[in-house]
Amino acid sequence: MKVLLTGAGGQLGRCLQDRRPADWRLLAADHKTLDITDVQAVSRRVKQFQPQLIINAAAYTNVDQAESDRERAYAVNEHGARYLAQAARHAGARLIHISTDYVFDGEGLRPYVETDPVNPLNVYGRSKLAGEQAVLQECAEQPNVADHAQSGAAPRQPRPDAPSFIVLRTAWLYSEYGRNFVKAIVAGALQGQELNVVNDQIGAPTYAGNLAQAIIQIGRMPDLPGGVYHYSGSVALTRYEFARKVLDALGEAQRLGDSSEAFRFTPIVSGQHSVAASRPKYSVLDNGKIQKLGVKEGDGVDVCLRRMVAALLRG
Ligand SMILES: NC(=O)C1=CN([C@@H]2O[C@H](COP(=O)(O)OP(=O)(O)OC[C@H]3O[C@@H](n4cnc5c(N)ncnc54)[C@H](OP(=O)(O)O)[C@@H]3O)[C@@H](O)[C@H]2O)C=CC1
Ligand SMILES: Cc1cn([C@H]2C[C@H](O)[C@@H](COP(=O)(O)OP(=O)(O)O[C@H]3O[C@@H](C)C(=O)[C@@H](O)[C@H]3O)O2)c(=O)[nH]c1=O
């Protein structure tokens, strides 16, 4: 199968390349190779390569910076997503577009299902929601299928001739690659910093390698109906609880014993951590829809963290 991967230099992009199946002819395009905000470049590249599947892992992901860089965030997360969807439709390719738990406002009291109403709290979340709508619009029979992502209403029928477009929402990604929360905690701890970590944001940390495996599995399911799906880690934690697990893994790898004695880390509330963007207090995703279709969960958070921390320490 011919697969075009955008954002190949990011953490998900790198994890997908590491796990590339032998029967994929993969064109892994990083930001320099293919800028998804360049509509002509996107169209040209898709026409030339004629992929059967496009995976969009490219995004503007700096949540705080997006607050003051709105135009750029929308250029990548909304317009770039649309250009890829248009090119995919013209080429008859399937599209797996990655989105985020930050489309929700965090006021929910149970894990979010795909049809729950969205209401992002920050520019990043709003730009990602606009991207979801742009993608769904491209494979819709009616021009306003994007209502689905806005209102939680049932999606309209896809165009009869349209390939299926998947919007895959995930959350709190971590991996050996790129910039992420786990690497920030490990770096701070190794520098002997006192770590203050918010204890009032709950989410489901997702190892990007597990997500990559799930995407590969979805890539092998040509009959999977288009629409929104959730895939995340199965354990809900506060950021502080997550940091504790990271430090447990680090303490174990360094044979330091009890992490609460080996490292200085304190729970705080969001107001005490000065950042530009508001984050949802609760953004746990319900994975039931995709699990029922057989998509696997992957290794648990403790196993993934132990492996990842060991890899980070090896350099
Ligand atoms: N990280 C997380 O915690 C979460 C991420 N997601 C979503 O998952 C997906 C993958 O995220 P992740 O791998 O963590 O993100 P990264 O930031 O690690 O990777 C994104 C990649 O996109 C590239 N990129 C940015 N702008 C463009 C552009 N105009 N054209 C082409 N490439 C571009 C970046 O390149 P460069 O650095 O050179 O700009 C970077 O390599 C994204 O859709 C993200 O929104 C969802 C939930 C959680
Ligand atoms: C590193 C660190 C963060 N924090 C807080 C800041 C913030 O409120 C919260 C999250 O921090 P980060 O900035 O690392 O994570 P953030 O960039 O908000 O992560 C998000 O990224 C985007 C791309 C997504 O799509 C989301 O699913 C989510 O993973 O934790 C601490 O309290 N202490 C710390 O030492």
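Given the structure is predicted, the values throughout are model-derived calculations rather than measurements.

**Brief notes about the site of ligand 2**
Around ligand 2, the surrounding shell holds 18 residues, and the nearest of these are Thr100, Asp101, Tyr124, Asn196 and Arg279. At a separation of 2.8 Å, an oxygen atom of ligand 2 approaches a polar side-chain atom of arginine 279. Contact with the protein chains removes 83% of the 700 Å² of surface that ligand 2 exposes when unbound. For the shell around ligand 2, the class distribution of residues is 10 nonpolar, 5 polar and 3 charged.

**Here's the deal with the confidence of the model for the protein chain**
In this model, the protein chain carries a mean pLDDT of 92, and residues with pLDDT of at least 70 account for 93%. Considering only residues more than four positions removed or in separate chains, one finds that residues 142-147, a stretch of pLDDT under 50, has 13 contacts.

**Examining the packing of aromatic side chains**
A complete count under the given rule lists 8 aromatic pairs for this structure. Here phenylalanine 104 and tyrosine 112 contribute two aromatic rings whose centre-to-centre distance is 4.0 Å and whose plane-to-plane angle is 10°, an arrangement assigned as stacked. For the pair formed by phenylalanine 104 and tyrosine 112, the shared burial category is buried. Judged by centre distance (6.5 Å) and plane angle (35°), the rings of tryptophan 172 and phenylalanine 242 are tilted. In this pair, tryptophan 172 sits in the loop between strand E5 (165-170) and strand E6 (173-174) while phenylalanine 242 sits in helix H9 (residues 239-253), placing the two residues 70 residues apart along the sequence.

Basis of the calculations
- Residues numbered from 1 in each chain as written.
- Chains lettered and ligands numbered in written order.
- Predicted model: local features only at pLDDT ≥ 70, side-chain atom pairs only at ≥ 80, totals over all residues.
- Heavy atoms only, no water.
- Near = heavy atom within 4 Å.
- Polar contact = N/O pair within 3.5 Å; in protein donor to acceptor, adjacent residues only side chain to side chain.
- Areas by Shrake-Rupley, 256 points an atom, 1.4 Å probe, with all protein chains shown as cover.
- Nonpolar A, V, L, I, M, F, W, Y, C, P; charged D, E, K, R; others polar.
- pLDDT = per-residue confidence, 0-100.
- Contact = heavy atoms within 4.5 Å.
- Phe/Tyr/Trp six-rings, centres within 6.5 Å; stacked < 30°, edge-to-face > 60°.
- Buried < 20%, exposed > 50% of the residue type's maximum accessible area, 1.4 Å probe, protein only.
- Helix = DSSP H or I, 4+ residues; strand = E, 2+ residues; numbered from the N terminus.

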